[in-house]
Amino acid sequence: MNINADPVPDTFVRVAEVWVPKEGRLVHAKGDYVHSPAFAEASVAESFAKGEGLPGKVWESGKPIVLKEFDGSYFKRVEAATEAGLTSAVAIPVFAEDTLKAVLVLFCSADADHMGAIEVWEYMQERLTLVEGYYGSAKEFEAASQDMVFSHGQGLPGGVWSANTPILKRDIARLGSFMRSEQAAAAGFKIGLGLPIPTPDDNVVVLTLLSAPNTPIAHRFEIWDARPECVGATRQAQLIDGLCEREGALWAQQNPPVDPPMAHAWKGPIGQVLGTGLPYVQREGAGLPAGYTSMFALPIYREADLAYVVACYL
Amino acid sequence: MQKMVIIGAGMASGRMLEHIHESDPDAFDVTIFNAEPRGNYNRIMLSPVLAGDRSFEEIVTHDDNWYADNNITTRFGERVTGVDRERKVVIGEKGEVPYDKLILATGSSPFIIPIPGHDLPGVVGYRDLEDTDAMIDASAIRGSSAVVIGGGLLGLEAAAGLRMRGMEVTVLHIAGHLMDRQLDETAGYLLKLDLEKRGIKVITEANTKEIIGNGKVEKVLLDDGTELAADIVVMAAGIRPAVQVGRDAGLDVGRAIKVNAQMCTSDPDIFAVGECVEFNENIFGLVAPLYDQAKVLANTLLGKEDVFTVRELSTKLKVTGCDLFSAGDFAEGEGREDIVFRDPKRRVYKRLIIENDRLIGAVMYGDTADSNWFFGLIKDGTDIEEMRETLIFGPSFQGGGAAASDPLAAVAALPLEAEICGCNGVCKGDIIKAIEGGVTTLDDVRTKTKASASCGTCTGLVEQVLAVSLGDDFEIKAEKPVCKCTDLTHEDVRRLIKAQELKTQPAVWQELAWKTPNGCHVCRPAINFYLLSDWPLDYQDDLQSRFVNERNHANIQKDGTYSVMPRMWGGMTTPDELIAVANAAKKFDAAVKVTGGQRIDLLGIKKEDLPEIWSDLNNAGMVSGHGYTKGLRTVKTCVGTDWCRFGTQDSTGLGIKLEKKLWGSWTPHKVKLGVSGCPRNCAEATCKDVGIICVDSGYQISVAGAAGMDVKMTESLVDVATEAEVEEWVTAFVQLYRENAKYLDRAYKWVAKVGLDWVKEELSDPDTRKALVERFDISQSVYQKDPWADHVSNRAEQYKHLADLTLEAVT
């Protein structure tokens, strides 16, 4: 990883939007559509009933959905999305116990040279099994993933499952460092982000995002710990891990951490998530790290409490 | 410009160089040797690299450019072979370098336990990038196995990393709980749960005997015969300061290179810093004091005054998702007071140790939010008297607001599938469902679910489920708890130990929200009994949780001596046994008493003589009579058909059979049996816990008699035709009593509580009877052993005087 290189604008994730429940429907709350004004126009006026469109389907199923292609699916904004060059999407529900707080939808753009992978792993027969996956042109990696199951603590999905914590893995292409390292190397994947996704039926679901340097999921990742047992009763969060192409490692260099970076409710982008408890999307404006123009952040709950915030900067 | 040579490019010397270059970058012409072929990196972050949570590049502190930018000559990958103090030169493999000031920063080496096979390929320490790479390479083979020897910080981080990479991992730890130097038993128990949740197998009290392999590691053998497959063995059994260079140079070396408070060794031009240092008999392994030393050394070298002092340290395990904190002194001791908070549902445990109104130690698991505040109180020696009541709740509770532990925490934390009523197989979820359906009283629950409708020992728990669900709308009848350590009753605890499959004392303390770190003299014996009776194969009897008589296997008398009473099966003895008893009585000057239980008691035995008298009696074929236990005491018999004109059956023979079946088993209180050969009842069977009256048609079994503070006749349980049936029914009754009664309730008290009808109902089912006997037999496979022989062989030391004070004065 070249941590000193300038951020490359074309990330794998191109559009992020947030839908929140209101009067029995999911309505548009926020979105970053800078590459796709027409798609923005098509989106802001939309709303979805339960089971309707991608956000509505996620609401209904209670777990993330990966949409590999828009055409011929229940997706409602096909024309605008296609016109914007978007090829796939993942929609992530945010549940606090059985209450849906929001749905975060990420739209991706991939071709033969630009790839990323999005996977959804679900608990079945005491293992995590792949239930959905988008791999673009990483066919070898896709084939290897179809055969994989992970037990507790094993690999990135198993590690996320057992720790119930978002995990950012580096060097996943190095032999031995990742259970599918050989195929990851062939596909050019370098970084893996694993997220525990709470579901209303309490089933274990882990979302993994695999990032390649030439089309990274994002250029900067941050994992913030907001659990009261870590940061106390005040609504705040501590940066526990992170990686930035400009600044390098973002984690505390001492153990135990000495003055780790903290975020406070309503202050800055992470503070918005802490304050509202909802996903957040921002384009430009104050609070973004130097050199970045947009970000999205996903809150992860444990039961009714906000536990982690995962932020990606594009 | 003075010439400085540094041996070792680790974190301490790296930090020292940073300080020097910040203050006076031109002060020294620096040459730095490092045996590793690289410069300084953040060694403590190797485990996240192993786990894949960091890349090595991320943990490099000083790269080649940094050394170049600061004009430091690097000799990386070159070992130092000696130091010539007279000529003031460091001798490297590739040549000598003169110095004005020499800094030894040689760090430490992993301790490799010298067991057979320790030098096989595949056995690695855990110290540097090469070790980390070896582990990563080993994990590349799908399905490979790793054994980590050492359950300390480093070993557990290695284990978590290897598991994350997909290996099957077993951690072997020689002590009773993980991280025993940093954590107490409960925190160690929670950590073990967390690691097991990650698929890591943990074996405590594990003694590694040998590492086996043909040309490379293949398996690890423990001294109990366990074999563990291993493609790699990681030795994480501690570190040893690397002092060879210093020692060869003739410096003062103790456990490490001795330095003063300015980090100067016995040579005024040679300094030492980091893990290779000994200061005031302390050696160092954590990074914080190393950085302190680095600062002091930099100042010293720059001619500024500075003094190194040892400070309090805290510990954090770098395993994602494991939140633990430990600082200060957490050993129990005179004048120390514990404050404990547990939340079983959130798996939270906090313990503060206070001495003289000062916080001196803290252990936390699962909730470490306030750890820095507590650490500050420890470091500063703050007087905490004013905030003692709310101290455990952290800084936000100080100066107002009170909080208390939740007496319903244990039941609230129970999963829905936890069985509340063992008699009728009713789970917590069933009761909650009934409550959701409109049930609001205990009677309604009984009607609707059958919970608490049989023996009734789960009543307290059912009421707590009602209280948890209905809140203030339900009022629990106040029942007496086990002791001040808990709000739960004995019956609650028994039920929860079964329902939650709690198999260790720390598991009970934590999951049942005990208010003390590890119980008290009242609850420990009870919990010890419940655990050994419910989980004979899993739980290990804890002698420290027994009353003194049971610990010493003899009854202590009013003058401090002990009584010794061998078993006389069914009251029968032989001339040889009597001679052995008489010889022992003479040898140890014992008073001799014939007891009401048809045995002979030798009184007045000194503690230090116990092993010898037991050995003498063992040699005559006699075993302990357990006259001191909560267990089977005697089986009193009459002479039966062998001698008596009225005898209807072989009562003596039956009594001996029963005694041989039941001896050695632990019970809630003592158990006495009587077998009379006819209704004349010469063995007084009808005032025993279990009495058998032989009649022409067979045997009348009755139970729940008493002849002590209370006098009560037994009540009929069943009439049976054969000795085999007697044995089955009596064994099943004793096991039912073992499994259900409150500790220290005699059988008659227990039967009064649960009702004889329930006992009859349970035992009248042949399958239930059979299962009870099977469980009793399993327990006996562990516990039916003569404690005298065991103590003579294994524990004789504990009976010796601590010191011999009879030596004559020197004249």
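None of the values given here were measured: they were computed from a predicted structure.

Some words on the overall build of chain B
The secondary structure content of chain B amounts to 26 helices and 39 strands. Along the first, second and third principal axes, the C-alpha set of chain B runs to 115 × 80 × 55 Å. Each of the 811 residues in chain B was classed as buried or not, and the buried ones make up 49%. Pairs at least 24 apart in sequence give 63% of the contacts found in chain B among residues at least 6 apart.

Considering the sheet that holds strand β13 (residues 208-212) of chain B
Residue and element names in this part refer to chain B. Pairing is antiparallel in the open sheet, where 3 strands are placed in the order β13-β14-β15. With partners counted over all chains shown, the strands left at the sheet margins are β13 and β15 (227-229), one partner each. Each adjacent strand pair in this sheet contributes to an overall mean axis angle of 20°, direction not counted. Bridge analysis of β13 against strand β14 (residues 219-222) gives 4 bridges, and the strand direction is antiparallel. Note on β14: the bridge partner recorded for I211 is V220.

Considerations on the sheet that holds strand β5 (residues 89-92) of chain B
Residue and element names in this part refer to chain B. Sheet architecture is open: 3 strands sit in the order β4-β5-β6, paired in antiparallel fashion. Only two strands of the sheet have a single partner each, and these edge strands are β4 (80-84) and β6 (95-98). Direction aside, the axes of adjacent strands within the sheet are offset by 20° on average. One ladder, built from 4 bridges, connects β4 with β5; its direction is antiparallel. Residue pairing in the sheet places V80 in a bridge with G92 of β5.

A few points about the interface of chain B and chain A
Each partner contributes to the interface: chain B provides 33 residues, whereas chain A provides 35 residues. Looking at the side of chain B that touches chain A, the elements that each hand over two or more residues are α5 (129-139) and α6 (153-164) of chain B. Ranked by the residues each element gives to the side of chain B that touches chain A, the list is headed by α5 of chain B, at 3 residues. Considered class by class, the residues forming the side of chain B that touches chain A number 8 nonpolar, 12 polar and 13 charged.

Topic: the nonpolar core
In terms of nonpolar packing, the biggest core is built from 118 residues, with V233 and V234 of chain B touching the most fellow members. It is α6 of chain B that contributes the most residues to this core, 8 residues altogether. With residues up to four places along the chain from it excluded, the contact list for V233 of chain B reads G122, V123, V147, I149, I211, V217 and V220 of chain B. Counting residues in each nonpolar core, the second largest holds 107 residues, with M115, W121, L168 and V310 of chain A among its members.

A short note on helix α13 (residues 442-449) of chain B
All names here are of chain B. For α13, the complete set of buried residues consists of V445, R446 and T449. Projected down its long axis, α13 shows its buried positions confined to an angular sector of 100°, all on one face. Relative to its buried face, α13 has exposed residues pointing more than 90 degrees away, namely D443 and T447. Its buried side turned inward, α13 meets β28 (426-427), α12 (428-436) and α14 (459-470).

Points about the domain arrangement of chain B
Considered domain by domain, chain B is made up of domain 1 (2-107 + 241-301), domain 2 (123-237), domain 3 (323-396), domain 4 (409-548), domain 5 (549-629) and domain 6 (632-785). Taking only C-alpha atoms, the centre of domain 3 of chain B and the centre of domain 5 of chain B are 48 Å apart.

Things to note about the confidence of the model for chain A
With 93% of its residues at a pLDDT of 70 or more, chain A has an overall mean of 88. Contacts of residues 1-9 of chain A to residues separated by more than four positions or lying in other chains number 11 contacts, the stretch itself having pLDDT below 50.

Considerations on the pairing of strand β13 (residues 220-225) of chain A
Residues and elements named next belong to chain A. Burial of β13 is extensive: 6 of the 6 residues sit out of reach of the surface. Residues R220, E222 and W224 of β13 are buried on one face, and the alternating residues F221, I223 and D225, pointing to the opposite face, are buried as well. Note: β13 against strand β19 (residues 305-313), 6 bridges, orientation antiparallel. Looking at β19, one finds that W224 is bridged to V309.

Considerations on unusual backbone geometry
Residues and elements named next belong to chain B. With phi around 50°, N356 is a residue other than glycine that occupies positive phi space. Looking at where N356 falls in the secondary structure, it is placed in the loop between β25 (348-355) and β26 (358-365). Positive phi, close to 50°, is recorded for E684, a residue that is not glycine. One can find E684 in the loop between β34 (671-676) and β35 (690-695).

As for helix α25 (residues 766-783) of chain B
Residue and element names in this part refer to chain B. Compared with an ideal rise of 1.5 Å per residue, which puts 18 residues at 26 Å, α25 spans 25 Å between its outermost C-alpha atoms and is within 8% of the ideal. All of the buried residues along α25 are R769, L772, F776 and S779. On an axial view of α25, the arc spanned by its buried residues comes to 90°, and they lie on one face. Set apart from the buried face of α25 by more than 90 degrees, the exposed residues are P766, D767, K770, I778 and S781. Buried residues belonging to α25 abut α17 (523-534), α22 (723-740) and α24 (756-764).

Analysis parameters
Residues numbered from 1 in each chain as written. Chains lettered and ligands numbered in written order. Predicted model: local features only at pLDDT ≥ 70, side-chain atom pairs only at ≥ 80, totals over all residues. Helix = DSSP H or I, 4+ residues; strand = E, 2+ residues; numbered from the N terminus. Buried ≥ 20, exposed ≤ 12 C-beta atoms within 10 Å, placed from the backbone. Contact = placed C-beta atoms within 7 Å. Pairing = 2+ DSSP bridges. Axes fitted to C-alpha atoms, helices over the stretch in contact; angles between N-to-C directions. Nonpolar A, V, L, I, M, F, W, Y, C, P; charged D, E, K, R; others polar. Core = buried A, V, L, I, M, F, W, Y, C linked by C-beta atoms within 7 Å. Arc of directions from axis to C-beta. Domains from an automatic or database assignment. pLDDT = per-residue confidence, 0-100. Expected span 1.5 Å × (residues − 1).

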